[in-house]
Amino acid sequence: MRSALAAVGLALAGRAGARMARAFGVSISRSAVLRLLDALPEPEVPAPRVVGVDEYATRKGRVYGTVLVDVETRRPVDLLPDREASSLAAWLEKRPGIEIVCRDRAPFFAEGATAGAPQATQVADRWHLWHNLGEAAERAVARHRQCLLMLVPDREVKAELPAPPEEKADSPWRSERFANRIRARHATVHALLEAGHSRRSIGRQLQMTHRTVKSLADAAKPEDLFRGQWQHNRTSVVDESKPYLDERWDEGCTNAWKLWEEIVPLGYRGSYGRVSAYLREKRTSPRSVAAQPPAPRVVTRWILSRPETLTEIEQLRLKAVLANCPELDALTGHVRSFVHMLTERQGERLPQWLDAVRQDALPSRHTLAAGIDRDRNAVIAGLTLPWNSGVVEGHVNRIKMLMRQMFGAGFALLRKRVLLAP
């Protein structure tokens, strides 16, 4: 009976476990289920030789705990209620047989592992190293946004664009179709006037208002009727700001609200709608000469990807960007050198790689290099040894699922469920 109740508690813990117990013909409350579960002895787990450590969130951004996993058996060995270096150090001190500690590059795990298991080799996880490299690369690309304007022209796309309509040099109107309709109405009204019809009669025959007939009749020629929004090359309040807007557009800023906020202090007195309409016209114009530059994240993906996995257009565009920016070309070389070092397990090359990075004028790369240098031994071990924290990440995801099922249960019950689960 005790083992059956434990199975029920581990599966559904609490009220649902009590309902299942009643279904089995056992009369027991949910509090008793939890109490019996809490009284179960913890499993006897042999001291691990290779342990992985990572954090899990009970309240994301506020409360975190620590999970420890035997990397060789792939089973969790313990849960800690916090992620403090002192808690991890105390746990490791009780297990002197630990030889390897797999972790990410969080400083509290590094301090705890150093204090609690000085004899163990610390291994920085390779995925986290690659992730840190990608973030630093994206920051570097964002600082060189101007260099992204140099793209390989896409002749195939330009060839398919519709040719712009021919504009008459002597036409003062924006819409030739509308102009032709007005010319026809003007000619009809004047022909009826010459035939002796009154303006009221013309309005009834053509179903026009008196004001429309009057404006057509008073105009000596149809060109006198085109004013306001129908006038071609009409002056606009946004005209004086167009050079600035065009310059910012070429720099890659296409957010109408942001540009409107920028030109208001420069003397612009118009509305946001005028700015938005002007940028919408630029965005949808088939006569756009320059293609929209790619976002820094897109260029970063090109740099981080294997060259053979990129399309031909992506390879050409990346080649154009790198030819125009020596800094990004150097960044690409460092990334590919790190990839070779990571995939071939050549951690002994890390000092030379760090020296090469420091010689380039890439502040974001210097920050990454300084962080790696502080954790150099663990990073070299991570780039050399076969151990990693992948199995730990899997258990972190499983803990998230258990917490959603338990709907806010305490740490003690969570720890029991993680350690006693089959």
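Before any of the text, the structure's been laid out above.
Just so you know, the residues in each chain are numbered from 1, in the order the chain's sequence is written. Local features in a predicted model are, by the rule used here, given only for residues with pLDDT of at least 70; side-chain atom pairs are given and counted only at 80 or more, and totals for whole chains, interfaces and linings are based on all residues. Excluding hydrogens and water, the side-chain figures rest on all heavy atoms present in the structure.

Visitor: Just checking my understanding: could you explain the pattern of salt bridges for this structure?
Guide: Two side chains that carry opposite charge are able to pair once their charged atoms sit near each other. Throughout this description, the term salt bridge denotes a Lys or Arg side-chain nitrogen within 4 Å of a carboxyl oxygen of Asp or Glu. The full count for this structure, using the stated rule, is 16 salt bridges. A salt bridge links Glu314 to Arg301; the nearest nitrogen and oxygen atoms lie 3.0 Å apart. Of this pair, Glu314 sits in helix H15 (residues 312-324) while Arg301 sits in helix H14 (residues 296-304), and the two are 13 residues apart along the sequence. Buried, partly exposed and exposed residues are distinguished by accessible area as a fraction of the type maximum, computed with a 1.4 Å probe on protein chains only: under 20%, between the cut-offs, and over 50%, respectively. Overall, Glu314 belongs to the buried group, its relative accessible area being 17%. The structure contains a network of salt bridges with shared partners spanning Asp355, Arg358, Asp373 and Arg376. We count a stretch as a helix when DSSP gives it H or I for four or more residues in a row; a strand needs E for two or more, and each element gets its number in order from the N terminus.

Visitor: So what exactly am I meant to see when it comes to helix H6 (residues 126-143) here?
Guide: Counting along an α-helix, one turn takes 3.6 residues, and residues three or four places apart therefore face a common direction. The end-to-end C-alpha distance of H6, which contains 18 residues, comes to 26 Å, matching closely the 26 Å that a straight helix rising 1.5 Å per residue would cover. Burial in H6 covers these residues: Arg126, His128, Leu129, Asn132, Leu133, Gly134, Ala136, Ala137, Ala140 and Val141. Polar contact is the term for a pair of N or O atoms within 3.5 Å; when the atoms are in protein, one must be able to donate a hydrogen and the other to accept it, and sequence-neighboring residues count only if both atoms are side-chain atoms. The N-cap residue of H6 is Asp125: its side-chain oxygen and the backbone nitrogen of Trp127 are 3.3 Å apart. Here, expected helix span is obtained from the residue count minus one, scaled by 1.5 Å.

Visitor: Got a minute to help me understand the packing of aromatic side chains in this structure?
Guide: To describe a pair of aromatic rings, you give the distance between the ring centres and the angle between the ring planes. A pair of aromatic rings is counted whenever rings of Phe, Tyr or Trp (Trp by its six-membered ring) have centres within 6.5 Å, and the orientation is called stacked for planes under 30 degrees apart, edge-to-face for over 60 and tilted otherwise. Summed over the entire model, instances satisfying the criterion amount to 5 aromatic pairs. The interplanar angle of 75° and the centroid separation of 6.2 Å between the aromatic rings of Trp260 and Tyr272 together place this pair among those described as edge-to-face. One end of the pair, Trp260, is in helix H12 (residues 256-263); the other, Tyr272, is in helix H13 (residues 272-284), with 12 residues separating them in the sequence. Exposure remark for Trp260: the relative accessible area of 21% places this residue in the partly exposed category. By relative accessible area, which is 31% here, Tyr272 ends up partly exposed. Put simply, the rings of Trp257, Trp260 and Tyr272 pair up and form one aromatic cluster.

Visitor: It is not clear to me how the nonpolar core should be interpreted in this structure. Could you clarify?
Guide: Nonpolar side chains in soluble globular proteins tend to be buried together. To form a nonpolar core, buried Ala, Val, Leu, Ile, Met, Phe, Trp, Tyr and Cys residues must be joined to one another through side-chain atoms within 4.5 Å. Leu328, Leu331, Phe338, Leu350, Trp353 and Leu383 are the most contacted members of the largest nonpolar core, which has 34 residues in total. At the level of elements, H6, H14, H15, helix H16 (326-343), helix H17 (350-358), helix H18 (363-374) and helix H19 (376-382) are the ones that each hand at least two residues to this core. Residue contacts follow a heavy-atom distance rule, with two residues in contact if any of their heavy atoms lie within 4.5 Å. Discounting residues that sit within four places of it in the chain, Leu331 has contacts with Ala137, Ala140, Val141, Ile303, Leu362 and Arg365. Tyr56, Val392, Ile399 and Leu413 belong to the second-largest nonpolar core, a separate cluster that totals 21 residues.

Visitor: Where do I start with the side chain of Asp54 in this structure?
Guide: Positionally, Asp54 belongs in strand S1 (residues 50-59). This buried residue, Asp54, is left without a salt bridge; Arg83 holds the nearest opposite charge, at 8.0 Å. Ignoring any residue separated from it by four or fewer positions in sequence, one finds Asp54 in contact with Gly65, Thr66, Val67, Asp104, Phe109, Val392, Glu393 and Val396. All tallies of charge rest on Lys and Arg as positive and Asp and Glu as negative; His and the ends of each chain are not included.

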